[in-house]
Amino acid sequence: MWAVCKSSVGVADFMPAYTKPPFRPGMSLPLFYLNTSMYSTLLFDLDGTLLDTLSDLADSVNYALSTHHLPLRSQREVRAFLGNGIHNLIAQSVPATLPQADLETVFQTFRAHYLDHCLDQTAPYPGVLDLLRRLQGRGVKMGIISNKLQPAVSELNHLFFADFIDIAIGES
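A brief look at the structure comes next. (Residues numbered from 1 in each chain as written. Predicted model: local features only at pLDDT ≥ 70, side-chain atom pairs only at ≥ 80, totals over all residues. Heavy atoms only, no water.)

## A look at helix 1 (residues 54-67)
Going by this rule: For the purposes of this entry, the term helix denotes a DSSP run of H or I that reaches at least four residues, the term strand denotes a run of E that reaches at least two, and both are numbered from the N terminus. Helices are assigned an expected span. That span is 1.5 Å times one less than the residue count. Exposure classes here rest on a 1.4 Å probe applied to the protein chains alone. A residue is buried below 20% of its type maximum, exposed above 50%, and partly exposed in between. Contact definition: two residues touch when any of their heavy atoms are within 4.5 Å.
Here helix 1 is 14 residues long and its end C-alpha atoms lie 20 Å apart, about the 20 Å a rise of 1.5 Å per residue gives. Considered for burial, the residues of helix 1 that qualify are Leu 54, Asp 56, Leu 57, Ala 58, Ser 60, Val 61, Asn 62, Ala 64 and Leu 65. Of the surrounding secondary structure, the elements contacted by the buried residues of helix 1 are strand 4 (51-52), helix 2 (75-81), helix 3 (86-93), helix 4 (100-117) and strand 6 (141-149). Where helix 1 terminates, the next one or two residues include His 69, which has phi positive at roughly 60°.

The structure is reproduced here in structure tokens:
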């Protein structure tokens, strides 16, 4: 499993002192490289780090596109559009010529559908719960920071990670 983790001071430099190139601050690294004695707090992203959410996101994108008679997107295309928030996901999913007002309508359709279907296929990646259990056993505090909508972040954290993660913050 790979992740970019942030220290409790908010700097994406969670790199062990002995790390040599090709690793550099802010870059993804295998979690087995983490030296938890150096940090008391870890902040994780949710989508694509702790949870495999791609299928539910792709299904909701295609529901919104289909509802508005727009061409559908493959899971591979949806994956490529992820990482800069759900509004950007929809903006990249719709045709570039779509008027802004129609983009907002498609976005609202996506948002409503995803809030109702964010648990259809979503699950933690293999090994994540064991990792969180081990970190908790070492006294590491953990949180989630996501650009996913806050209601979905709260629900997903409660369902999958409530025993390990006390705070989960999403987009409002």
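So much for the structure itself; the text now carries on.
## A word on the pattern of salt bridges
Our working rule: Any carboxyl oxygen of Asp or Glu within 4 Å of a side-chain nitrogen of Lys or Arg constitutes a salt bridge here.
Across all of its chains, the model carries three salt bridges by this definition. The shortest N-O distance in the salt bridge between Glu 77 and Arg 73 comes to 3.1 Å. Taking relative accessible area as the criterion, Arg 73 reaches 23% and is therefore assigned partly exposed. Among the salt bridges present, the one from Asp 130 reaches Arg 134, with a minimum N-O distance of 3.3 Å. Here Asp 130 pairs with Arg 134, and both are found in helix 5 (residues 128-137), just four residues apart, close to one helical turn.

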